[in-house]
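# Architecture at a glance
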Amino acid sequence: MLSALHQQLKDKNQRLLLRLSGNREWAHNWLENNLTSLPELQCLWFGVAPVNESQNLQQHLHAKLKQYKKYLGQETDVLIFDCYDGFNPDAFGALVGTVKLGGLCILVTPEDESWLNYADPELARFCTEPYRVEQLTSFYIQRLIALLNHNDDVLTISQTKPLNLNVNDICLSQGTIEASLATNGITAEQQQVISQCLALTNQHDKNAILLQADRGRGKSASLGMAAAQIVALMLSNKLNTHAPYKIVVTAPINESIQVLLLHCQLTLQQLGLEYSSSATAISLSGAEVVFFAPDHLMLHRPDADLVVIDEAAAIPIQMLKPVISHYNKLVLSTTVHGYEGTGRGFEYKLKPLLQKTFPKLTNLTLSAPIRWCKEDLLERISNELLAMALSLPKLPDYQIGLLSNISFSQYHAQQLIKSEQNLQAIFSLLVNAHYRTSPNDLRQMLDSPNMTVLCMDYDGVTVAAALVAKEGQLSPSLIESIWQGRRRPKGHLFPQSMIAHAGLKGFGEMFCHRVVRIAVHPKWQQHGLGSLFLDKIEQWSLACGGDYLCTSFGFEPALYQFWLNNHFAPVRLGLKADASTGEHSVLMLKNINSNNLNPNYAARITLAIDRFAQTHYVEHKLGMRTQCLVPIGATNIDEMHPEDWQDLHAFAFHFRGLNTVLLAMYKYVYTSSDATTLPSIVLDKLTPGISDKSLIKKHNLPGDKALVQQLRLQWQAILSQHSAIEMGSKAGGK
């Protein structure tokens with residue numbers, strides 16, 4: 001059967017999703033029987049290899065699901081995605097792009113009822129304390145099953161419902177291949193991209209090109225061909241006589257740049273130019289094309305005549321800003337809808353920066369598919385399953401009087417999956433407002449047991465949406481383990497941070513709601529709706545028994561000011577930039593329950609705000625901060641408090657992080673009457689301008705772990721001696 005189906009797909013210029021629905025052994029037997037007849041086909045199998053795998057199946061490539069990124073840029077005739085190893089939306093979205101024209105994506109799944117009750121391994125990542133995986137219901141899988149069953153483009157073969165299927169009876173629409181691609185091997189749109197890149201090199205001003213497209217449209221191939229033709233032009237005209245003409249390319253991961261370098265080499269061969277190459281560079285006499293990782297490019301900014309940034313949406317915006325500012329000629333490409341990081345946020349955040357930085361910004365798009373047909377069935381169904389090609393809800397222009405028709409509502413996942421239209425409207429707003437959104441974010445929204453979706457609607461249309469997490473109310477034993485640095489359970493980001501980083505155990509028992517994401521429709525922004533929405537969320541949280549409302553986000557001045565304006569106060573600022581955003585994570589909170597019967601709760605919130613100001617002051621004094629969120633000087637650090645002694649004890653005798661107890665260390669040293677007798681390594685750590693790297697070198701330590709261990713030992717001795725003195729003083733007083 002598989003042989004005939006593959007031939008029909010080739011004849012129709014199509015790709016197809018085939019679902020094998022049954023137990024795993026049955027599915028593996030079916031695959032073995034059918035793949036044996038097609039030994040010439042490339043097959044990529046993601047999942048555990050079958051037990052007692054036959055020699056026929058051993059020739060096919062098996063890979064673990066977590067390794068999927070290694071296969072980006074590759075191609076296969078048959079992709080087998082085994083859902084018994086878990087359904088990871090990011091992985092599925094990425095791997096669908098490896099299927100060739102005429103190829104198949106085979107989804108191995110349990111039968112519907114069994115799948116609903118199956119302990120999907122991927123579900124564990126969304127399981128927050130105190131839940132266990134077996135207690136969870138995957139509403140994401142429920143939605144997936146419904147879409148698979150009601151889509152005519154999906155071919156399903158079931159173990160329990162066998163059907164006499166004649167492949168010739170399958171009605172496939174005829175796929176259309178771009179005419180210029182069939183004759184020239186390149187589309188008219190690709191040729192335009194190459195021409196614009198060539199024109200860019202002849203301009204003397206600071207200019208850039210922004211190339212946007214969906215997946216499979218040939219972005220990386222176009223950039224590779226353009227790089228080769230630019231090099232050829234420079235060499236033939238001898239326009240760069242001072243030094244080799246240098247094109248620097250960058251991308252989120254090294255593997256994703258291979259397509260660009262491959263097409264550059266192929267074009268150089270067609271042009272008759274000799275070159276040498278490695279995995280990251282192409283060298284010619286008088287020119288080179290070389291890859292650098294984004295972080296290297298940001299920090300070192302090597303000389304370059306042209307910088308090409310592939311898949312820019314997957315690179316943190318803070319990492320791109322210095323690159324954009326430094327170089328005069330840039331070409332950036334991004335995927336509008338894709339696993340790399342959805343490009344809508346890119347368009348709304350980075351595009352304005354490009355327009356401000358470059359006098360001339362050329363916007364280009366690629367709409368015609370290169371690797372599959374315009375009417376590709378597999379792309380259509382994968383976009384639907386993963387909600388990757390959404391449009392914003394349609395709204396009239398904002399007018400003040402429209403607010404009277406605004407309503408507030410909450411949704412749980414069980415409600416959302418019953419209305420695909422409503423779910424897509426909400427998710428489209430969240431996608432649009434955030435720089436990077438991946439298909440996994442939808443699964444998190446539907447399967448995390450502590451998540452609630454809140455919305456504001458106008459006349460039945462969603463104008464604002466928020467994803468809110470219920471956090472806190474942890475057990476005393478768990479709070480103690482977090483405080484000691486021994487446990488970091490899943491979920492509860494805010495109270496965990498307050499316990500582990502600020503040493504404030506009391507936040508573990510309090511109950512809060514954390515605003516994970518919040519978005520207002522672009523057409524209705526800058527009219528106070530975000531603040532109105534937060535007021536509604538506060539009222540809702542209070543009605544649910546919340547003690548405080550909180551949030552965590554990548555620090556950006558305008559966003560930070562928005563939360564300040566809504567009476568939220570900062571209580572933590574990360575020392576290192578977040579890997580996904582390139583920004584420093586900031587935590588803010590607001591006391592919403594002033595009538596709480598427990599007077600300790602309000603005191604804890606005030607203490608958290610005060611200790612953050614003190615910590616911020618110390619970090620600034622030690623040269624660890626270049627940016628101050630709170631006024632320097634409005635602090636009181638002239639005496640030790642119980643929280644300081646507790647922090648020092650947690651570091652010395654447990655596993656608290658070094659940088660989380662700097663305030664206590666600083667206060668002890670600078671309020672101690674015998675500070676000069678303290679070990680030099682302790683004093684050096686609290687000396688402005690001395691980095692950990694310098695400290696390690698000065699004290700002949702092998703690395704960071706040894707530094708922390710040495711400081712733990714020193715503080716154990718200091719605290720033990722202090723305790724002995726205190727005991728002696730009390731005994732003498734008697």
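Our structure is the block above this text.
None of the values given here were measured: they were computed from a predicted structure.

## A few points about the sheet that holds strand S20 (residues 569-577)
Taken in spatial order, the seven strands line up as S15-S16-S17-S18-S19-S21-S20 in an open sheet, and their pairing is mixed. Edge positions in the sheet fall to strand S15 (406-411) and S20, since each of these pairs with one other strand and no more. Strand-to-strand twist of the sheet, defined as the mean angle between neighbouring strand axes without regard to direction, takes the value 25°. With five bridges connecting them, S20 and strand S21 (residues 584-591) associate as antiparallel partners. Looking at S21, one finds that Arg572 is bridged to Leu587. The sheet strands contacting helix H16 (residues 420-433) are S15, strand S16 (451-458), strand S17 (461-472) and strand S18 (511-520), and the helix crosses S17 at an angle near 80°. Relative to S18, helix H20 (residues 529-543) is tilted by about 155°, and along the sheet it contacts S15, S16, S17, S18, strand S19 (548-554) and S21.

## Quick notes on the pattern of salt bridges
Following the criterion strictly, the structure yields 28 salt bridges and no others. Taking the shortest distance from any N to any O, the salt bridge between Asp120 and Arg443 comes out at 3.3 Å. Separated by 323 residues along the polypeptide, Asp120 in the loop between helix H5 (112-117) and helix H6 (139-149) and Arg443 in helix H17 (residues 439-447) bring together distant segments of the chain. Relative accessible area serves as the criterion here: at 3%, Asp120 is assigned to the buried category. With its nearest N and O atoms 3.3 Å apart, the salt bridge here joins Arg656 to Asp647. Note on Asp647: relative accessible area 2%, which makes it buried.

## Quick look at the pairing of S16
Extensive coverage of S16 is indicated by the burial of eight of its eight residues. By the alternation rule, side chains of S16 split into Met451, Val453, Cys455 and Asp457 and Thr452, Leu454, Met456 and Tyr458, which are all buried. The pairing of S15 with S16 spans six bridges and is classified as antiparallel. Opposite Ser409, over in S16, you have Cys455 as the bridge partner.

## Digging into the nonpolar core
Note that soluble globular proteins tend to have their nonpolar side chains buried in a common cluster. Among the nonpolar cores identified, the biggest contains 56 residues, and Leu17, Phe81, Phe87, Phe92 and Leu446 are the most heavily contacted of them. Counting residues per element, this core draws most heavily on H6, at seven residues. Beyond its immediate chain neighbours, meaning those up to four positions away, Leu446 contacts Phe139, Tyr140, Arg143, Ala413, Leu416, Ile417 and Leu423. If you look at the next biggest cluster of nonpolar residues, it comprises 37 residues, including Ile194, Leu200, Ala251 and Leu366.

## Re empty space enclosed by the protein
Applying the stated criterion to the full structure yields four cavities of 30 Å³ or more. There is about 100 Å³ of room inside the largest cavity. As for the largest cavity, its lining consists of 11 residues, of which Arg215, Glu379, Ser382, Asn383 and Met388 are closest to the centre. Broken down by element, the residue count for the lining of the largest cavity peaks at three residues, all from helix H14 (residues 377-386). Residue composition of the lining of the largest cavity, grouped by class: three nonpolar, four polar and four charged. The space that makes up the second largest cavity amounts to roughly 50 Å³. Lining the second largest cavity, in full, are Gln196, Leu200, Gln203, Asn207, Ala208, Ile209, Lys360 and Thr362. Those elements that place two or more of their residues in the lining of the second largest cavity are helix H8 (188-201), strand S7 (207-213) and strand S14 (360-366). Sort the elements by how many residues they give to the lining of the second largest cavity and S7 lands first, with three residues.

## Describing unusual backbone geometry
Looking along the chain, the bond that leaves Glu129 and enters Pro130 is cis, with omega of 10°. Turning to its location among the elements, Pro130 is positioned in the loop between H5 and H6. A positive phi is found at Arg301, a non-glycine position, where the angle reads about 45°. If you trace the backbone, Arg301 turns up in the loop between helix H11 (294-300) and strand S12 (306-309). Accessibility expressed as a relative area gives 33% for Arg301, which makes it partly exposed. Located in the positive-phi region is His492, a residue other than glycine, with phi close to 55°. With respect to the helices and strands, the residue His492 is situated in the loop between helix H18 (476-483) and helix H19 (493-500).

## With respect to the layout of surface pockets
Here the second largest pocket defines a volume of roughly 1,000 Å³. At the level of elements, H19, S20, helix H22 (599-621), helix H24 (662-671) and helix H27 (704-733) are the ones that each hand at least two residues to the lining of the second largest pocket. The greatest single-element share of the lining of the second largest pocket, amounting to six residues, is contributed by S20.

## Some words on the packing of helix H9 (residues 219-237) against helix H10 (residues 258-270)
Where H9 meets H10, the axes come as close as 7 Å, and the angle between the chain directions of the two elements is 40°. Relative to H10, the element H9 is oriented oblique. Judged by the sense of rotation from one axis to the other, the crossing of H9 with H10 is right-handed. On H10, the residues that touch Ser220, Ala221, Leu223, Gly224, Met225, Ala227, Ala228 and Gln229 of H9 are Val259, Leu260, His263, Cys264, Thr267 and Leu268. When the residues that make up the contact of H9 with H10 are grouped by side-chain class, the tally is nine nonpolar, five polar and no charged.

About the thresholds
Along each chain, the written sequence defines residue order, and numbers are assigned to residues from 1. Local features in a predicted model are, by the rule used here, given only for residues with pLDDT of at least 70; side-chain atom pairs are given and counted only at 80 or more, and totals for whole chains, interfaces and linings are based on all residues. The basis for the side-chain values is all heavy atoms of the structure; hydrogens and waters are excluded. Whether two strands pair depends on DSSP finding at least two bridges between them. Runs of E in the DSSP output that reach at least two residues are strands. Runs of H or I that reach at least four are helices, and both are numbered from the N terminus. As a rule, the C-alpha atoms of each element are fitted with a line to give its axis, helices using only the stretch in contact, and angles between N-to-C directions run from 0 to 180 degrees. Residue contacts are defined here by distance: any two heavy atoms, one from each residue, within 4.5 Å place the two residues in contact. By definition here, a salt bridge exists when the distance from a side-chain nitrogen of Lys or Arg to a carboxyl oxygen of Asp or Glu is within 4 Å. Only protein chains enter the area calculation, which uses a 1.4 Å probe; residues under 20% of their type maximum are buried, those over 50% are exposed, and those in between are partly exposed. The nonpolar core is taken to be a set of buried Ala, Val, Leu, Ile, Met, Phe, Trp, Tyr and Cys residues, with the residues joined through side-chain atoms within 4.5 Å. With a 1 Å grid spanning the protein atoms alone, the term cavity applies to any set of points in which a 1.4 Å probe fits but cannot get out, the term pocket to an open set with protein on both sides within 12 Å along at least five of seven lines, and the term lining residue to any residue with an atom within 4 Å of a point. Grid points are joined across faces, edges and corners, and a volume is the space filled by probe spheres set on the points. Basically, the charged four are Asp, Glu, Lys and Arg, the nonpolar ten are Ala, Val, Leu, Ile, Met, Phe, Trp, Tyr, Cys and Pro, and anything else, Gly included, counts as polar. Roughly parallel covers angles under 35 degrees, roughly antiparallel covers those over 145, roughly perpendicular covers 65 to 115, and oblique covers all other angles. The crossing is said to be left-handed when, going from far helix to near helix, the turn is anticlockwise and less than a right angle, and right-handed when the turn is clockwise.

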